[in-house]
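The lines below spell out each chain.
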Amino acid sequence: MSKEKQSSLYSGKVMLAPMVRVCSLPMRLLALDYGADLVYTEEIIDRKLLICHEYKNELLGTIDFTMSDGTVVFRTCAAERGKVIFQLGTSDAKRALASAKKVQHLVAGVDVNMGCPKEFSIKGGMGAALLTQLDKVKSILTTLVNGLEVPVTCKIRVLPDIQETVALAKLIESTGVSAIGVHGRTKSERSRDPNRDDYIKAVSNAVSIPVIANGGSKNISNLSEVESFRLNTEASSVMLARAAMWNCSVFRRDGPLPFIDVLKSYLRYAFLYDNNVMNTKYCVLQIIHDKMTEIPEADLSLSAKSLQEFADIWHLQEDYRVILHERQQKEMELSAAEGGDCRGVKKKKTENGLELIELPVRYDKTLYNSLMTPKQILNNYCIKHQKEKPVYSTTERYQDRFFKSVVQLEGKLYTNPFWERSKQLAEQSAAVCCLVVNGLDDGRIGEPKNETEELRRKWRDIVNSKIVSPSSVEDAENRLCGGTDADLEKKVAAQSCTKIKSELAEDSSDAFLSKQCAVGSDVDKDGCSR
């Protein structure tokens, strides 16, 4: 793509600005429906993207970048192809390039966040911290421009001095970027402070690449006011943040719609793409924002804990029912094509002859009684039946400090294919596997998605058969995640267990995890890609 064509992508456009927690897939698609020319993702940190696994989610029709615990960091689909700009949080040129290369085949461009004033960004040397590190700014942008096949841009905040702001913009232009986004406030100023439109105008007159004006939401509620903002700053384009967050139909050429229509359209996309519940709640509350005391649905939305509850609150039960039914039908088709609902169940021999059994189960705290966990149930069972106490061997993966655990009971080993956020969660998951395999009640008070007692019975039939897959010790050594085999052996030896070389293979676990992620991404705790 020529330099001129890359820059033209950002000329004469109205865009959805990058906003943490807001610019996930449902809001981006909604903005495009209403007429936005381009949509930005929320800022996604380079380190996080680098440890993600790319997965083609056939159930949802998306491409997902997921962490090993199932957290969806970035989800995109064909409907936004050619119109989505990936915003990257970074403080290092090499890391920025490596992470951007993972997504460039799916996005229209890559934008570097050089304006976020939040403490965590600044402490990490990202966002607005870059505004005064000119050598690093030049290194990051030049590396990306030379190393990527898609246009590169950056978004900044203005500096206190207008001439210093212009000088920064000229330096950025010299790196070869295709456009520059300018928020007309300094890093210490907030939305209540006036936007410095004259600073944006000065930048627009000083550089030859498109300038994207940002920060005018306080005075914008329709496209006519968007154009007034553009003319006042003499910018090439405008990106909207808060105005679009409050009412995404601000992009409509025929004028904005009532907020409740926008909210329901947003929820339909959240249902369709199985959006994270906490992220959905955040966006719903932002759409309601100044009407929180005016409508009864506001308090109900504040306490909602599932997409079904949102469907009930906003009278979208039929929409949600149809989406779930179609998803279930497709899931059955995919399951049949991939070997049925027992995929992910494994039984193999370790080097010393012990059986290692792996089930696609995990400990979800919301489905269990906190007063009696699976570990406690298993321990009580052993005491009651005078069996040796279960012994847990837990490994930490150094890349992201996630954990996986194996529990040994009566000469057999039990685990699951997932890496968990904490040692406690990993050990509870291993206990769940052990209890399910042995037909014991694991204390659950609710059923996880796509798991029934009948399915667990099928799993037990498989693992209780005499068919055992031989393990490859050499392969296990090469693929052990989170530490070396020696590390794992020391842990087990310290617990008076026989030496174990288990095939805790990251690639096989991620392969199954990807199938699990087809169901949804509710494991993301805060709906934020930081």
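Definitions and limits used
Residues numbered from 1 in each chain as written. Predicted model: local features only at pLDDT ≥ 70, side-chain atom pairs only at ≥ 80, totals over all residues. Heavy atoms only, no water. Pairing = 2+ DSSP bridges. Helix = DSSP H or I, 4+ residues; strand = E, 2+ residues; numbered from the N terminus. Axes fitted to C-alpha atoms, helices over the stretch in contact; angles between N-to-C directions. Buried < 20%, exposed > 50% of the residue type's maximum accessible area, 1.4 Å probe, protein only. Contact = heavy atoms within 4.5 Å. 1 Å grid on protein atoms, 1.4 Å probe; cavity = no way out; pocket = protein on both sides within 12 Å on 5 of 7 lines; lining within 4 Å. Points joined across faces, edges and corners; volume = space filled by probe spheres on them. Nonpolar A, V, L, I, M, F, W, Y, C, P; charged D, E, K, R; others polar. pLDDT = per-residue confidence, 0-100. Right-handed = clockwise from strand over helix to strand, strands pointing away. Polar contact = N/O pair within 3.5 Å; in protein donor to acceptor, adjacent residues only side chain to side chain. Salt bridge = Lys/Arg side-chain N within 4 Å of Asp/Glu carboxyl O. Expected span 1.5 Å × (residues − 1).

**Let's talk about the sheet that holds strand β4 (residues 53-57)**
Strand pairing in a sheet is mediated by backbone hydrogen bonds. Such pairs are either parallel or antiparallel. In spatial order, the strands read β4-β5-β6; together these three strands make up an open sheet with antiparallel pairing. Both outer strands of the open sheet, β4 and β6 (72-77), are each paired with one neighbouring strand and no more. Averaged over all neighbouring strand pairs, the angle between strand axes comes to 20°, with direction disregarded.

**Side note on helix α2 (residues 25-34)**
A large share of α2 lies buried, amounting to nine of its ten residues. Residues Leu 25, Pro 26, Met 27, Arg 28, Leu 29, Leu 30, Ala 31, Leu 32 and Tyr 34 constitute the buried set of α2. Gly 35 lies just past α2 and shows a positive phi near 120°.

**Things to note about the environment of Glu 119**
Along the chain, the position of Glu 119 falls in helix α5 (residues 119-123). Among the residues examined, Glu 119 registers a relative accessible area of 54% and is labelled exposed. Counting along the chain gives ten residues from Glu 119 to Ala 129, while the straight-line C-alpha distance between them is 9.6 Å.

**As for the packing of helix α8 (residues 197-206) against helix α9 (residues 223-233)**
Relative to each other, α8 and α9 sit at 60°, their axes nearing to 7 Å. Here α8 contributes Asp 197, Ile 200, Lys 201 and Ser 204 to the contact with α9, which in turn contributes Phe 229, Asn 232 and Thr 233.

**Considering the layout of surface pockets**
Roughly 760 Å³ of internal volume is contained in the second largest pocket. Elements represented by at least two residues in the lining of the second largest pocket include exactly β9 (152-157), α10 (242-246) and α12 (277-288). For the lining of the second largest pocket, the residue count by class is eleven nonpolar, ten polar and ten charged.

**Thoughts on the confidence of the model for the chain**
Of the residues in the chain, 85% reach a pLDDT of 70 or more, and the chain-wide mean stands at 87. This model gives residues 470-530 a pLDDT under 50, and the stretch forms 154 contacts once residues within four places in sequence are excluded.

**With respect to the pairing of strand β11 (residues 211-214)**
Burial along β11 is two-sided: Val 211 and Ala 213 facing one way and Ile 212 and Asn 214 facing the other are all buried. Judged from the four bridges that link them, strand β10 (residues 179-183) and β11 form a sheet pairing that is parallel. Note that in β11 the partner of His 183 across the bridge is Asn 214. Note that the unit made of β10, α8 and β11 has a crossover that is right-handed. With two bridges joining them, β11 and strand β12 (residues 237-240) adopt parallel strand pairing. Within the sheet, the bridge partner assigned to Ile 212 lies in β12 and is Ser 237. In this region the chain leaves β11, passes through α9 and returns to the parallel neighbour β12; the handedness of that crossover is right-handed.

**Focus: the side chain of Arg 157**
Residue placement: Arg 157 occurs in strand β9. Within the structure, the side chain of Arg 157 is placed 3.2 Å from the backbone oxygen of Gly 115, a separation counted as a polar contact. Here Thr 186 takes part through its backbone oxygen, which lies 2.8 Å from a polar atom of the side chain of Arg 157. Ignoring anything within four residues of it in the chain, the contact list for Arg 157 reads Met 114, Gly 115, Pro 117, Leu 131, His 183, Arg 185, Thr 186, Lys 187, Glu 189 and Arg 190.

**Concerning unusual backbone geometry**
Leave glycine aside and you will find that most residues have negative phi; peptide bonds, for their part, are mostly trans. Of note, Glu 234 is a non-glycine position whose phi angle comes to about 55°, a positive value. Locating Glu 234 in the fold gives a position in the loop between α9 and β12. Relative accessible area serves as the criterion here: at 39%, Glu 234 is assigned to the partly exposed category.

**So, the pattern of salt bridges**
Oppositely charged side chains are able to pair whenever their charged atoms sit close together. Across all of its chains, the model carries 27 salt bridges by this definition. Note that Arg 95 and Asp 46 form a salt bridge whose closest N and O atoms lie 3.0 Å from each other. A residue pair is termed long-range when its members are at least 10 positions apart, and Arg 95 in helix α4 (residues 93-103) and Asp 46 in helix α3 (residues 46-50) qualify at 49 residues. For Asp 46, a relative accessible area of 1% gives the class buried. Among the salt bridges present, the one from Glu 355 reaches Lys 412, with a minimum N-O distance of 4.0 Å. Pair noted here: Glu 355 is in strand β14 (residues 355-358) and Lys 412 is in strand β17 (residues 412-415), with a separation of 57 residues, a long-range link. On the accessibility criterion, Lys 412 (31% relative accessible area) is partly exposed.

**Quick notes on α12**
Here α12 contains twelve residues, and its C-alpha end-to-end distance of 16 Å stays within 8% of the 16 Å for a straight helix at 1.5 Å per residue. The buried fraction of α12 amounts to ten of the twelve residues, a majority that puts the element mostly inside the structure. Of all the residues in α12, the buried ones are Val 277, Asn 279, Thr 280, Lys 281, Cys 283, Val 284, Leu 285, Gln 286, Ile 287 and Ile 288. Where α12 is buried, its residues meet α2, α10, α11 (259-272), α13 (297-303) and α14 (307-313). Capping of α12 at its N-terminal end is provided by Asn 276; its side-chain oxygen lies 3.0 Å from the backbone amide nitrogen of Met 278.

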